[in-house]
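Observations on the model geometry
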Amino acid sequence: MTLDEKTQPATLDPVRAQAFLADFATMSAFGATIHGGVDRQAASPADIEQRRWLQGLLEQHGLRVQYDRIGNQFGLLELNPGAPYVVVGSHMDSQPTAGRYDGAYGVLAAAHAIFRIADELRETGEQPALNLAVVNWFNEEGSRFVPSMMGSSVYTGLMPLEEALAVEDPAGISVREALEPTGFLGEGDGPVAACCAEIHIEQGRLLEDAGTTIGLVTASWAASKYVVTVEGEQSHSGATVMADRRDALLGASQLVVFARELADRFPGVLHTAVGKLDVYPNSPVVVASRVRLLLDLRCADEAVLAEANALLQAELPRIEERVNVALSVEKSHEWGINPYQPEGVELARSVAARLGYAHDEIKTVAGHDSINMKERVPTVMLFVPSVQGVSHNEGEYTEDRDALAGLDVLTGVVRRLASGELRA
Ligand code: HGY
Ligand code: MN
Ligand code: MN
């Protein structure tokens, strides 16, 4: 890897830039897929191996690594004994066959930002007002264990610990059972946060289309996620008279199509999908008796989301009647359009402006751990561009120069947060 003039951000020296890119290449090898992506679901062997590698990297730089009771991984740099922490990071777990950048970029950027600030403080002998922590939140993706953003939800008290530990994957393995043998199930609640920062790839293409390098995230879209169970009756797919069938997969399919029609009623404002179907018995020559599916609604407007949820509820009895199945619906996760603290947006804006990077405000459509954190402490969320907006796909890509620009801005933000400028 070489850095040309275009790649090299103004205030990040080439040695640090190279070190970041080299570590990013190393971390991308954990769970690497043949198409250039990664497969690192929460507490899978690849996730575990990568966490051990991160622990080594953090310890090499003098950070003390600690795990809390839901397996969040923290690298602590205590420079002001007893003071609370600036918690900086993201997640390293992934969706199955996903991209290298989602989450992992933010954890590594946090680590390198803190390494640089620690070196600067050692040189000047200054003591910051706040301590510094890198965080790798457990199970942000929620693919193996539903719901998403689990580690940060428990950390912030938005999800009870015991409920999270009891969640089972499709093979019936609980979070507790998956984490216990890894040594990542710690004892305490993790460091006390005074404020938080996260950097992430955009996963959309607004920044790229506008030629903007740094997104200053002002708010999230709202989300409603459902677990739907469709109950029908198992029968012979050939022999059973059509009128007698109670086809659970047909009922589920109608819901899949309805979700799309719902989004089409609110173009650009509502995004929907069914991303997962578990079909029982999922066998040839058998009409399915039961389908469990995960339905995801994301919306830029809470009133529209409420209307979409009402339309969905109204559709359920229609599907039941048409297909002769029973539907049960449970909301598994939701969040609203709560803004990030405007003071944090302004702080990030001034850092990006001073460093000379093109920047603009943006909203996040995807969920992030910082959405939970901002409910508790002042939180700054930054984006860097995703090439063509590709994400949750092995082809996910961010240009090196953008990744480095993001690291540069994150470092500036964390430096100011460490001075206690914005704290709970
Ligand atoms: O958007 C999501 O729900 C994901 O966990 N990032
Ligand atoms: Mn992510
Ligand atoms: Mn993701």
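Residues numbered from 1 in each chain as written. Chains lettered and ligands numbered in written order. Predicted model: local features only at pLDDT ≥ 70, side-chain atom pairs only at ≥ 80, totals over all residues. Heavy atoms only, no water.

1. Concerning the site of ligand 1
The condition that has to hold: What makes a residue near a molecule or strand is one non-hydrogen atom of that residue sitting within 4 Å of it. Two N or O atoms count as a polar contact when they lie within 3.5 Å, although within protein this holds only if one can serve as hydrogen donor and the other as acceptor, and sequence-adjacent residues are included solely when both atoms are side-chain atoms. Here the accessible surface of atoms and residues is derived via Shrake-Rupley with a 1.4 Å probe, and residues count as covered only by protein chains that are part of the display. Classification used: nonpolar for Ala, Val, Leu, Ile, Met, Phe, Trp, Tyr, Cys and Pro, charged for Asp, Glu, Lys and Arg, polar for all others including Gly. Start and end positions for the domains come from either an automated domain assignment or a database one.
Looking at ligand 1, the residues that line it are Glu 140, Glu 141, Ser 148, Lys 225, Arg 298, Trp 335, Ala 366 and Gly 367. Between ligand 1 and Ser 148, the relevant distance is 3.5 Å, taken from an oxygen atom to a side-chain nitrogen or oxygen of the residue. Between ligand 1 and the protein, one listed contact pairs an oxygen atom with a side-chain N or O atom of Lys 225 at 2.6 Å. For ligand 1, whose unbound accessible area comes to 210 Å², protein coverage reaches 93%. Of the residues contributing to the shell around ligand 1, the split by class is 2 nonpolar, 2 polar and 4 charged. Here the shell around ligand 1 spans two domains, since at least three of its residues come from each of domain 1 (14-221 + 337-418) and domain 2 (222-335).

2. Here we look at the packing of helix 10 (residues 342-355) against helix 12 (residues 400-418)
Selection rule: A fitted line through C-alpha atoms represents every axis, and for helices the fit uses only the stretch in contact; the resulting angles, taken between N-to-C directions, go from 0 to 180 degrees. Strands here are runs of E lasting at least two residues and helices are runs of H or I lasting at least four, both read from the DSSP assignment and numbered beginning at the N terminus. Should an angle fall under 35 degrees it is called roughly parallel, over 145 degrees roughly antiparallel, and 65 to 115 degrees roughly perpendicular, with every other angle called oblique. Throughout, a crossing is termed right-handed when the near helix is turned clockwise from the far one, and left-handed when it is turned anticlockwise from it by less than a right angle. We call two residues in contact whenever any of their non-hydrogen atoms come within 4.5 Å of each other.
Axis separation between helix 10 and helix 12 bottoms out at 9 Å; the angle between their running directions is 130°. Classified by the interaxial angle, the pair formed by helix 10 and helix 12 is oblique. Seen from above, helix 10 lies across helix 12 with right-handed handedness. Between helix 10 and helix 12, the residues in contact are Leu 347, Ala 348, Ser 350, Val 351, Ala 352 and Leu 355 and Asp 408, Val 409, Gly 412, Val 413, Arg 416 and Leu 417, respectively.

3. Some points on the coordination of the manganese ion (ligand 2)
This is how the line gets drawn: Donor criterion used throughout: N, O or S atom within 2.8 Å of the metal, extended to 3.2 Å for Na, K and Ca. Water excluded; incomplete-looking sites may result. Buried residues are those whose accessible area, probed at 1.4 Å on protein chains only, stays under 20% of the maximum for their type, while exposed residues exceed 50% and partly exposed ones sit between those limits.
Ligation of the manganese ion (ligand 2) by protein atoms is provided by His 91 (NE2), Asp 102 (OD) and His 200 (NE2), these donors lying 2.0 to 2.2 Å from the ion. Here the donor residues of the manganese ion (ligand 2) share one chain and are spaced in sequence as H-x10-D-x97-H. Taken as an interatomic distance, the gap from the manganese ion (ligand 2) to the manganese ion (ligand 3) is 3.7 Å; Asp 102 donates to each of them. One end of the pair, His 91, is in strand 3 (residues 85-91); the other, His 200, is in strand 5 (residues 193-201), and 109 residues separate them in sequence. Since its relative accessible area comes to 1%, His 91 is described here as buried. Residue classification places His 200 among the buried residues on the basis of a relative accessible area of 2%.

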